[in-house]
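# Summary of structural features
This is what each chain is made of:
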Amino acid sequence: MVLARPADKSTMIRSFLKHLPSALIFLAASLYTTPAEKLTLLESVRQNNRLVVVTRSAASTYYRDATGPAGPEFDLARRFAERLDVDLKIIVASDLKQIFSLLARGEAHFAAAGLTQTADRYRWLRFTPPYQYVVQQLVYRQGTHRPRNISDLGDGKLLVVAGSSHIERLRQLQKSHPRLTWEESLKFGSNELLKKVETGEIDYTVVDSNELRLTHRFYPHVRVAFDISEFQPISWAFPVEGDDSLYQEAVGFFVDIYNNGILEQILERYYGHIGEFDYVATTTFITHIRQRLPRYRHLFERAAKEFDIDWRLLAAVSYQESHWNPKAVSPTGVRGIMMLTRITAKQLGIRKRTNPEQSIHGGARYLSHLKQRLPTEISGPDRNWFALAAYNIGYGHLMDAREITRKTGGNPNLWMDVKKKLPLLRDKKWYRKTVYGYARGDEAAFYVENIRNYYQILQKETGSILGMATGVE
Ligand code: GLU
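Figured I'd write up the structure that's included with this text.

Cut-offs and rules
- Residues numbered from 1 in each chain as written.
- Predicted model: local features only at pLDDT ≥ 70, side-chain atom pairs only at ≥ 80, totals over all residues.
- Heavy atoms only, no water.
- Helix = DSSP H or I, 4+ residues; strand = E, 2+ residues; numbered from the N terminus.
- Rg over C-alpha atoms; globule rule 2.2 N^0.38 Å.
- Contact = heavy atoms within 4.5 Å.
- Areas by Shrake-Rupley, 256 points an atom, 1.4 Å probe, with all protein chains shown as cover.
- Lys, Arg positive; Asp, Glu negative; His and termini not counted.
- Charge placed at Lys NZ, Arg CZ, Asp CG, Glu CD.
- Buried < 20%, exposed > 50% of the residue type's maximum accessible area, 1.4 Å probe, protein only.
- Core = buried A, V, L, I, M, F, W, Y, C linked by side-chain atoms within 4.5 Å.
- Near = heavy atom within 4 Å.
- Polar contact = N/O pair within 3.5 Å; in protein donor to acceptor, adjacent residues only side chain to side chain.
- Phe/Tyr/Trp six-rings, centres within 6.5 Å; stacked < 30°, edge-to-face > 60°.
- Lys NZ or Arg CZ within 6 Å of the ring centre and 35° of its normal.
- Axes fitted to C-alpha atoms, helices over the stretch in contact; angles between N-to-C directions.
- Parallel < 35°, antiparallel > 145°, perpendicular 65-115°, else oblique.
- Nonpolar A, V, L, I, M, F, W, Y, C, P; charged D, E, K, R; others polar.
- Pairing = 2+ DSSP bridges.
- Salt bridge = Lys/Arg side-chain N within 4 Å of Asp/Glu carboxyl O.

Another point: the overall build of the protein chain. Within the protein chain, the regular secondary structure consists of 20 helices and 14 strands. In terms of C-alpha radius of gyration, the protein chain reaches 25 Å, essentially the compact-globule figure of 23 Å for 473 residues. Along the first, second and third principal axes, the C-alpha atoms of the protein chain reach 75 × 60 × 45 Å. Taking all contacts inside the protein chain whose residues are at least 6 apart in sequence as the whole, residues at least 24 apart take part in 71%. As displayed, the protein chain offers around 21,200 Å² of accessible surface, 50% of which is attributable to carbon and sulfur atoms. Between the mean site of the 65 positive side-chain charges and the mean site of the 51 negative ones, the protein chain shows a separation of 7 Å.

Right under this line is the structure:
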């Protein structure tokens, strides 16, 4: 049992938290001080054309990928700034403590940082309506002792993010389990702690279920031992004192995006393609990234450049098709590293489908052609997903699925809506009314979601997700 807690860090946090309420009351020279002409905070944000939001770096909040800043909190904050018609300034805090002190000093208008609403925090923060619910999960490394409950951690080292909701929960549990001890880390975020469990550097940590869901693919040996909390709400946090005009506007924003489907769209973008974690498939994929991909990477890069596609997306398609095996053949006669049909290959002028260079070039050309052919109303990353569905099932069938989506009250330009209707192409009641008839739409939906998953792992593994930067954007 680890008995010693680093007194310096946890004491620091505790004393910090203790003084926070008064710090918030005396917001000095901050974004929250209203100018002489007595503008409300909301008015002054508009007048200064600047919304300052503090976040933290994590898959469930904010990170940068090949296309720039991303993450659910970033998308939400961007939408909110658009609603106010002001510029958005993002501060990426290095840890939770910095988030709270920026709020306390009035240097950020609010935190969009995957913060959990907790009893302690209600004393000095006010929260918008939640956009997600999570449970706290205690994780360990596969192949080591799996604790059954909180009194079964043995001598294992439990390291948790300092200042987090996890610590608040552990403190509650400690009341009935006095032998429970842990260490608090100021330096490492949940992502790094998961990595430490993966590599065996520490025995346990606690993570929010949404974070684990998004990152489990990167840490395949991490296992959930048990949940340590009920579902808890995640939302934006504002200082509790002072003018609440901006806060009220944010409340209205969440009510609106909940009702108009934008919230669902944002969550779908990040969580929609992630099914149950598949250990074997994930570890095999990561092995193949190391062992097989290097042989073909330059071919993907070259073709991707020519057709203006991210090479990782092309590589992800190819992995889904053939597991990067140029000799792959399917029972239906599709062949090669991009699994082109004989007809498609002929149209693309490919002589030898099993030649990886020809196959990749042809696949890239075909994908980019499909992407260009899509209606202009389909925008953003959804254009990729629609093009992939067409690559798998054929353009005509995809248009049929869009038509079904429209007829049943969905939005035919959103992948989130169309993917739910694709399976209906198998259903006679539906396909007899379509132009192109029967198709295995469920497989197409599954195909696209798999590729999205591979694509994200590839981005992470090849270093194009730069999640760890902190500072001002
Ligand atoms: N939701 C957690 C909190 O509010 C986040 C902790 C973390 O993973 O950093 O404290």
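Turning to helix α7 (residues 190–199), a few remarks are in order. Of all 10 residues that make up α7, seven are buried, and the element is covered over most of its length. Burial in α7 covers these residues: Ser 190, Asn 191, Leu 193, Leu 194, Lys 196, Val 197 and Glu 198. With its phi angle positive at about 85°, Gly 200 sits one or two positions after the end of α7.

What follows is about the nonpolar core. Phe 300, Leu 314 and Trp 324 are the most contacted members of the largest nonpolar core, which has 90 residues in total. Here this core takes nine residues from helix α20 (residues 441–461), the largest share from any one element. For Phe 300, the contacting residues outside a window of four places in its chain are Leu 293, Trp 311, Leu 314, Ala 315, Ser 318, Trp 324, Met 338 and Ile 360. Formed by 37 residues, the second largest nonpolar core is a distinct cluster that contains Tyr 32, Ile 234, Ala 250 and Ile 274.

For the rest of this paragraph, the subject is the site of the ligand. Neighbouring the ligand are Arg 56, Leu 96, Gly 114, Leu 115, Thr 116, Arg 121, Val 161, Ser 164, Ser 165, His 166, Ser 190 and Asp 208. In this structure, Gly 114 approaches the ligand through a main-chain N or O atom, which is 2.9 Å from a nitrogen atom. Here a nitrogen atom of the ligand sits 2.7 Å away from a polar atom, N or O, in the side chain of Thr 116. For the ligand, whose accessible area on its own is 300 Å², the fraction buried by protein is 98%. Listed by contribution, the elements that provide at least two residues to the shell around the ligand are β5 (110–116) and α6 (165–176). When residues of the shell around the ligand are assigned to their parent elements, the largest contribution, three residues, is made by β5.

Turning next to unusual backbone geometry. Residues apart from glycine generally show negative phi values, whereas peptide bonds are mostly found in trans. In this model, Asp 85 sits at a positive phi of 60°, which is unusual for a non-glycine residue. Checked against the element boundaries, Asp 85 lands in the loop between α3 (72–84) and β4 (87–93). Given the relative accessible area of 66%, Asp 85 is considered exposed. Even without a glycine there, the phi angle at His 323 is positive, about 55°. You can see His 323 is positioned in the loop between α13 (311–322) and α14 (342–347). For His 323, a relative accessible area of 34% puts it in the partly exposed group.

Each aromatic ring pair is described using two quantities: the centre-to-centre distance and the angle formed by the ring planes. Per the counting criterion, the structure on display carries 24 aromatic pairs. Taking the centre distance of 6.0 Å and the plane angle of 70° together, the rings of Tyr 62 and Phe 74 count as edge-to-face. Residue Tyr 62 is located in the loop between β1 (50–56) and β2 (63–65), and its partner Phe 74 is located in helix α3; the two are separated by 12 residues in the primary sequence. On the accessibility criterion, Phe 74 (12% relative accessible area) is buried. Taken together, Phe 80, Phe 110, Tyr 131, Trp 236, Phe 238, Tyr 247, Phe 253 and Phe 254 form an aromatic cluster joined through their ring pairs. Sitting over the ring of Phe 188, Lys 196 keeps its end group 4.0 Å from the ring centre. The ring of Trp 430 carries Lys 433 above its face, with NZ or CZ at 5.3 Å from the centroid.

With that settled, the discussion passes to the packing of helix α11 (residues 279–291) against helix α12 (residues 293–307). In contact at an axis separation of 6 Å, α11 and α12 are set at 70° when each is read in the N-to-C sense. The angle between α11 and α12 places the two elements in the roughly perpendicular class. Counting all contacts with α11, which are made through His 288, Ile 289, Arg 290 and Gln 291, the residues of α12 involved are Leu 293, Pro 294 and Arg 295. Residue composition of the contact of α11 with α12, grouped by class: three nonpolar, two polar and two charged.

The next subject is the pairing of β5. A large share of β5 lies buried, amounting to seven of its seven residues. Bridge count for β1 against β5 is two bridges, and the pairing is parallel. Residue pairing across strands places Val 54 opposite Ala 111, the latter belonging to β5. Bridge count between β5 and strand β13 (residues 232–239): three bridges; the pairing is antiparallel. Following the sheet pairing, Thr 116 is matched in β13 by Ile 234.

Within the structure shown, the criterion is met by 21 salt bridges. The partner of Arg 269 in a salt bridge is Asp 75, with the nearest N and O atoms 2.9 Å apart. Taken together, the positions of Arg 269 in helix α10 (residues 262–271) and Asp 75 in helix α3 put the pair 194 residues apart, joining distant regions of the chain. A relative accessible area of 30% places Arg 269 in the partly exposed class.

A word on the sheet that holds strand β12 (residues 222–227). Taken together, three strands build an open sheet; the order of strands is β11-β8-β12 and the sheet is antiparallel. Bordering the open sheet on either side are β11 (205–208) and β12, each of which pairs with just one other strand. Each neighbouring strand pair of the sheet contributes to a mean axis angle of 45°, computed without reference to strand direction. Two strands pair when backbone bridges link them, and strand β8 (residues 136–141) and β12 are joined in this way by five bridges, in the antiparallel orientation. Looking at the pairing, Tyr 140 lines up with Arg 223 of β12.

You can see Tyr 391 is positioned in helix α16 (residues 382–393). Spatially, the C-alpha atoms of Tyr 391 and Tyr 447 are 9.9 Å apart, while their sequence positions differ by 56 residues. Setting aside its immediate chain neighbours within four residues, Tyr 391 contacts Val 317, Glu 321, Met 338, Leu 340, Gly 363, Tyr 366, Leu 367, Leu 370 and Tyr 447.

By themselves these figures say nothing about function.
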